[in-house]
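Each chain, written out:
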Amino acid sequence: MNPLKKPLDRWLGRGEASITTPPMDGAFRPNDLLDSASAVAELPAPDCLAITSHGVVVSSGHSLFGIGKPGGAPVAFFDAEISALAGLPDGGAAVGLSDGRIAFVGGRHDGKTIGIGPGVRCITALASAPDGSLFVANGSASNGPAAWKRDLMEKNATGSVWRIEPAGGNPQQLAGNLAYPYGLIAEPGSIVVSESWRSSLTRIAPGAAGRSERILAHLPAYPSRLSRGADDRIWLALFAPRSQIVEFVLSEDRYRRRMISEIGADHWVAPCLRAGRSPKEPMQQGGMRQLGLLKPWSPSQSYGLVALLDRAYRPIASLHSRANGRRHGVTSCLAVGGQLLFSAKGDGVVASCAYEGLAS
């Protein structure tokens, strides 16, 4: 490695020191498809979606709710906030909690609760492996799930991916030094991880001492959960847009450290799940209003975005909720029966839309 590369990149504003962001173009060309989707549930901060024997369930705070169930009573309730969720082959669900525990609902391990260790307190994603084990993403070694914004502004890369056995046994760390792993999808012989702060997808080969390979990079937004459709194509939720002003703040270490220590996180120059709710936000002039209307193309701290990837993880289409939309902060998406379900955590909505012909 060239020891002069980083200083030169910083001097010339290139490489990791660049503040440019990929444009919303090609497969990411904007539209209003997320805003035109039909709402199927309105909940406080709906987050993870999964398929179980109860049908499709969604996490919201401490509870799991069934999508389309009359009455609105929760399927399950926990004493800590839910931070991750995965459907299991036996019809049960694995539920990651904000204190680092993993609870099982339904299936063979119903009622069981396990933990990985004191260093795993930020479970952001779970995925069932073909051999019955469970992959676990730990977003950060120093911040919990609710402090994701702090983890970005501290420029951390302390996340890790683990494999555990629901029946018990020693957890195995598969990879470390990840920049906030937020989504997992198992493949034969490997697992694909979304790294939010690197705006990329990384393939990890568990049997090769954590060897990793970047398979998709330079995304225009921060990626979160992944899911596979019946046609083997991949759905990727992206929870907030990248912007030049945030990239610039990340490059200015003194300003960034003072912002973290002196200002509340809600008012940082940083991405968020929903912008425009407080007059104290620092980016009030970032959105363009004309005749009282927020223009869809104007820059925004929040956005709604779901991408469809082919089997080789290449983007082929996308669905958007632009700056003036009402489906921002999408953290999870799932293709079920020809419909795409997605949770817009920033706006408290679970919605669905048909996706046939989207990539044609």
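- In the annotation of an unreviewed UniProt entry, the protein is listed under the name Strictosidine synthase conserved region domain-containing protein and assigned to Hypericibacter adhaerens.

## A look at empty space enclosed by the protein
Next up, step 1: Enumeration according to the criterion identifies 1 cavity of 30 Å³ or more in this entry.
Next up, step 2: Counted as a void, the largest cavity has a volume near 50 Å³.
Next up, step 3: As for the largest cavity, its lining consists of Thr52, Ser53, His54, Val57, Leu64, Val75, Gly91, Gly92, Ala93, Val105 and Gly106.
Next up, step 4: Counted by class, the lining of the largest cavity contains 5 nonpolar, 6 polar and no charged residues.

## A word on the environment of tryptophan 162
Next up, step 1: Summarising the element assignment, tryptophan 162 is placed in strand S12 (residues 159–164).
Next up, step 2: Sequence-distant contacts of tryptophan 162, that is, excluding residues within four places in its chain, are made with Ile116, Val120, Leu134, Phe135, Val136, Asn138, Pro171, Gln172, Gln173 and Leu174.
Next up, step 3: Of note is the side chain of tryptophan 162, whose polar atom sits 2.8 Å from the side chain of serine 160.

## Focus: the pairing of strand S23 (residues 315–321)
Remember that side chains alternate between the two faces of the sheet whenever the strand is regular.
Next up, step 1: Summarising burial for S23: 5 of the 7 residues are buried, a large majority.
Next up, step 2: As paired strands, strand S22 (residues 304–309) and S23 are joined by 6 bridges and run antiparallel to one another. In the sheet register, leucine 309 faces S23, and the bridge partner there is proline 315.

## Considerations on unusual backbone geometry
Next up, step 1: Unlike most non-glycine residues, alanine 45 shows phi in positive territory, near 50°.
Next up, step 2: Mapping alanine 45 onto the fold places it in the loop between strand S1 (38–42) and strand S2 (46–52).
Next up, step 3: Judged by its relative accessible area of 33%, alanine 45 is partly exposed.
Next up, step 4: Within the chain, asparagine 177 stands out as a residue other than glycine whose phi angle is a positive 55°.

## Observations regarding the packing of aromatic side chains
Next up, step 1: Applying the stated criterion to the full structure yields 9 aromatic pairs.
Next up, step 2: Ring centres of tyrosine 180 and tyrosine 182 lie 5.6 Å apart, and the angle between their planes is 90°; this geometry places the pair in the edge-to-face category.
Next up, step 3: Owing to a relative accessible area of 2%, tyrosine 180 belongs among the buried residues under this scheme.
Next up, step 4: Among the aromatic side chains, those forming a connected cluster through ring pairs are Trp148, Tyr180, Tyr182, Trp197, Tyr222 and Phe239.

## Examining the side chain of serine 160
Next up, step 1: Looking at the element boundaries, serine 160 is found in strand S12.
Next up, step 2: In this structure, serine 160 is in contact with Val136, Ala137, Asn138, Gln173, Ala175, Gly176, Leu178 and Pro181, ignoring residues within four places of it in sequence.

## Observations concerning the environment of serine 251
Next up, step 1: Among the structural elements, serine 251 can be located in helix H3 (residues 244–251).
Next up, step 2: A residue is classified by how much of its surface remains accessible, and serine 251, at 15% relative accessible area, is buried.
Next up, step 3: Separated by 22 residues in sequence, serine 251 and leucine 273 place their C-alpha atoms 22 Å apart.
Next up, step 4: Every residue in contact with serine 251, bar those within four places of it in the chain, is listed here: Arg10 and Ile19.
Next up, step 5: There is a polar contact of 2.6 Å between the side chain of serine 251 and the backbone oxygen of phenylalanine 248.

## Details of the environment of leucine 97
Next up, step 1: Of note, leucine 97 is situated in strand S7 (residues 93–97).
Next up, step 2: The spacing of leucine 97 and glutamine 172 is 75 residues in sequence and 19 Å in space, taken between C-alpha atoms.
Next up, step 3: Beyond its immediate stretch of four places on either side in the chain, leucine 97 contacts Phe78, Ala80, Glu81, Ile82 and Ser83.

## Examining the nonpolar core
Next up, step 1: Judged by nonpolar contacts, the single largest core of 20 residues is most densely connected at Met153, Trp197, Tyr222 and Phe239.
Next up, step 2: Contributions of two or more residues to this core are made by helix H2 (148–153), strand S19 (234–241), H3 and helix H4 (253–262).
Next up, step 3: Counting 18 residues, the second largest nonpolar core, distinct from the first, contains Trp235, Ala317, Val330 and Cys333.

Procedures and definitions
Residues numbered from 1 in each chain as written. Predicted model: local features only at pLDDT ≥ 70, side-chain atom pairs only at ≥ 80, totals over all residues. Heavy atoms only, no water. 1 Å grid on protein atoms, 1.4 Å probe; cavity = no way out; pocket = protein on both sides within 12 Å on 5 of 7 lines; lining within 4 Å. Points joined across faces, edges and corners; volume = space filled by probe spheres on them. Nonpolar A, V, L, I, M, F, W, Y, C, P; charged D, E, K, R; others polar. Helix = DSSP H or I, 4+ residues; strand = E, 2+ residues; numbered from the N terminus. Contact = heavy atoms within 4.5 Å. Polar contact = N/O pair within 3.5 Å; in protein donor to acceptor, adjacent residues only side chain to side chain. Buried < 20%, exposed > 50% of the residue type's maximum accessible area, 1.4 Å probe, protein only. Pairing = 2+ DSSP bridges. Phe/Tyr/Trp six-rings, centres within 6.5 Å; stacked < 30°, edge-to-face > 60°. Core = buried A, V, L, I, M, F, W, Y, C linked by side-chain atoms within 4.5 Å.

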